[in-house]
Amino acid sequence: MDKDIREILIEENDLQEKVKELGAKITADYKDKDLLLVCVLKGAVIFVSDLMRQIDTTLDIDFMAISSYGTNTQSSGVVRILKDLNTSIEGRHVLIVEDIIDSGLTLSYLVENLKSRGPASVEICTILDKPDRRKIDLSIKYTGFKIPDEFVVGYGLDYAEKYRNLPCIAVLKEEVYSN
Ligand code: XMP
Ligand code: MG
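Owing to the predicted nature of the structure, the values given are computational and were not obtained by experimental measurement. (Residues numbered from 1 in each chain as written. Chains lettered and ligands numbered in written order. Predicted model: local features only at pLDDT ≥ 70, side-chain atom pairs only at ≥ 80, totals over all residues.)

### Comments concerning the overall build of the protein chain
Link 1 in the chain: The helix and strand inventory of the protein chain stands at four helices and eight strands.
Link 2 in the chain: Ordering the α and β elements of the protein chain from the N terminus gives β-α-β-α-β-β-β-α-β-β-β-α.
Link 3 in the chain: A compact globule built from 179 residues should have a C-alpha radius of gyration of about 16 Å, and the protein chain, at 16 Å, falls within 12% of that.
Link 4 in the chain: Dimensions of the protein chain, computed from the C-alpha atoms along their principal axes, are close to 50 × 35 × 25 Å.
Link 5 in the chain: When the 179 residues of the protein chain are sorted by exposure, 29% land in the buried category.
Link 6 in the chain: For the protein chain, restricting intrachain contacts to residue pairs at least 6 apart in sequence, the fraction spanning at least 24 positions comes to 66%. (Helix = DSSP H or I, 4+ residues; strand = E, 2+ residues; numbered from the N terminus. Rg over C-alpha atoms; globule rule 2.2 N^0.38 Å. Buried ≥ 20, exposed ≤ 12 C-beta atoms within 10 Å, placed from the backbone. Contact = placed C-beta atoms within 7 Å.)

### A few points about the environment of Ile8
Link 1 in the chain: Note on placement: Ile8 falls in strand β1 (residues 5-10).
Link 2 in the chain: Given 15 C-beta atoms within a 10 Å radius, Ile8 is considered partly exposed.
Link 3 in the chain: Measuring from C-alpha to C-alpha, the distance between Ile8 and Arg80 comes to 32 Å, with 72 residues separating the pair along the chain.
Link 4 in the chain: Residues within four places of Ile8 in sequence aside, it is in contact with Cys168 and Ala170.

### Side note on the nonpolar core
Link 1 in the chain: Leu37, Val38, Phe47, Leu95, Ile96, Val97 and Tyr155 are the most contacted members of the largest nonpolar core, which has 39 residues in total.
Link 2 in the chain: At the level of secondary structure, the elements contributing two or more residues to this core comprise α1 (12-30), β2 (35-41), α2 (45-52), β5 (93-101), α3 (105-115), β6 (121-129) and β8 (169-172).
Link 3 in the chain: Contacts of Tyr155, omitting those with residues within four sequence positions, involve Leu15, Ile46, Phe47, Ile127, Leu166, Pro167, Cys168 and Ile169. (Core = buried A, V, L, I, M, F, W, Y, C linked by C-beta atoms within 7 Å.)

### Some remarks on α3
Link 1 in the chain: Those residues of α3 that sit buried are Thr106, Leu107 and Leu110. Along α3, the residues classed as buried sweep out an arc of 90 degrees about the axis, all on the same side. (Arc of directions from axis to C-beta.)

### Description of α1
Three or four residues apart is the spacing at which side chains of an α-helix point the same way, because the helix has 3.6 residues per turn.
Link 1 in the chain: Taking 1.5 Å of rise per residue, 19 residues should cover 27 Å, and α1 covers 27 Å from first to last C-alpha, within 8% of that figure.
Link 2 in the chain: All buried positions along α1 are accounted for by Leu15, Val19, Leu22, Gly23, Ile26 and Tyr30. Projection of α1 onto a plane perpendicular to its axis shows the buried side chains occupying an angular sector of 110 degrees, all on one side. Turned more than 90 degrees away from the buried face of α1 sit Asn13, Glu17, Glu21 and Ala28, all of them exposed.
Link 3 in the chain: Downstream of α1 by a residue or two, Asp32 has a phi angle that is positive, lying close to 65 degrees. (Expected span 1.5 Å × (residues − 1).)

### What about unusual backbone geometry?
Link 1 in the chain: Cis geometry marks the peptide bond from Leu41 to Lys42, where omega comes out at -5 degrees.
Link 2 in the chain: Here Lys42 shows up in the loop between β2 and α2.
Link 3 in the chain: Phi at Tyr163 is positive, roughly 75 degrees, even though this residue is not glycine.
Link 4 in the chain: With respect to the helices, strands and loops of the structure, Tyr163 is situated in the loop between β7 (142-146) and β8.
Link 5 in the chain: Residue classification places Tyr163 among the buried positions, given that 20 C-beta atoms sit within 10 Å.

### Structural notes on the confidence of the model for the protein chain
Low-pLDDT stretches of the model should not have their predicted coordinates read in fine detail.
Link 1 in the chain: Here the protein chain averages 94 in pLDDT, and 95% of its residues register 70 or above.
Link 2 in the chain: Model confidence for the complex is summarised by a pTM of 0.94, with the ipTM given as 0.91. (pLDDT = per-residue confidence, 0-100.)

### As for the environment of Glu17
Link 1 in the chain: In this structure, Glu17 sits in helix α1.
Link 2 in the chain: Put simply, Glu17 and Cys168 are 151 residues apart on the chain and 12 Å apart in space, counted from C-alpha to C-alpha.

### Here we look at the environment of Ile100
Link 1 in the chain: Mapped onto the elements, Ile100 comes out in strand β5.
Link 2 in the chain: On a C-alpha basis, the gap between Ile100 and Val152 in space is 9.5 Å, while along the polypeptide they are 52 residues apart.
Link 3 in the chain: In this structure, Ile100 is in contact with Gly43, Thr126, Leu128, Lys130 and Leu157, ignoring residues within four places of it in sequence.

Below you can see the structure in the form of structure tokens.
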């Protein structure tokens with residue numbers, strides 16, 4: 001995979017340090033609350049598995065799969081639930097765990113959808129944020145890193161379903177996209 005990388009934006013160590021920091025904040029904020037992590041598949045899978053081990057309070061985890069992307073790298077704005085939660089969130093403190101917030105369209109849909117199910121609260125934790133691309137106002141409680149407007153892979157993020165297993169966040173060489 002190394003041969004396909006143009007630039008590493010965030011090193012593995014820096015990701016791990018940030019995840020510890022976020023875990024400590026979440027621990028403090030959710031002590032004595034019924035915390036449910038909602039992991040957005042597939043991109044947030046690596047992040048949530050690191051993050052939950054840095055949260056030192058009782059929690060539960062569930063998964064959702066939603067789709068707002070076609071085959072290219074532009075948000076279509078159309079959100080579909082591919083896999084819903086297994087559990088009820090009524091009265092629970094929901095923390096959505098996401099890989100990246102770009103236009104914000106996917107997450108704003110998800111927040112509204114979850115809020116309609118009667119939870120005690122719904123907040124967002126994302127490892128990456130591309131603020132330059134935001135199309136809708138979104139309140140994000142926990143952000144790992146703000147990054148410039150470039151398509152990134154690694155740490156769960158894919159290009160055409162590949163590169164999710166890179167331990168860092170990277171930008172691919174142009175030629176990878178044209179192949
Ligand atoms: P929106 O635009 O709705 O999209 O905020 C969020 C979703 O878009 C995907 N996304 C990316 N995936 N590298 C990726 O691998 C990127 O740079 C990137 N930007 C957005 C991602 O699935 C996220 O959940
Ligand atoms: Mg993706």
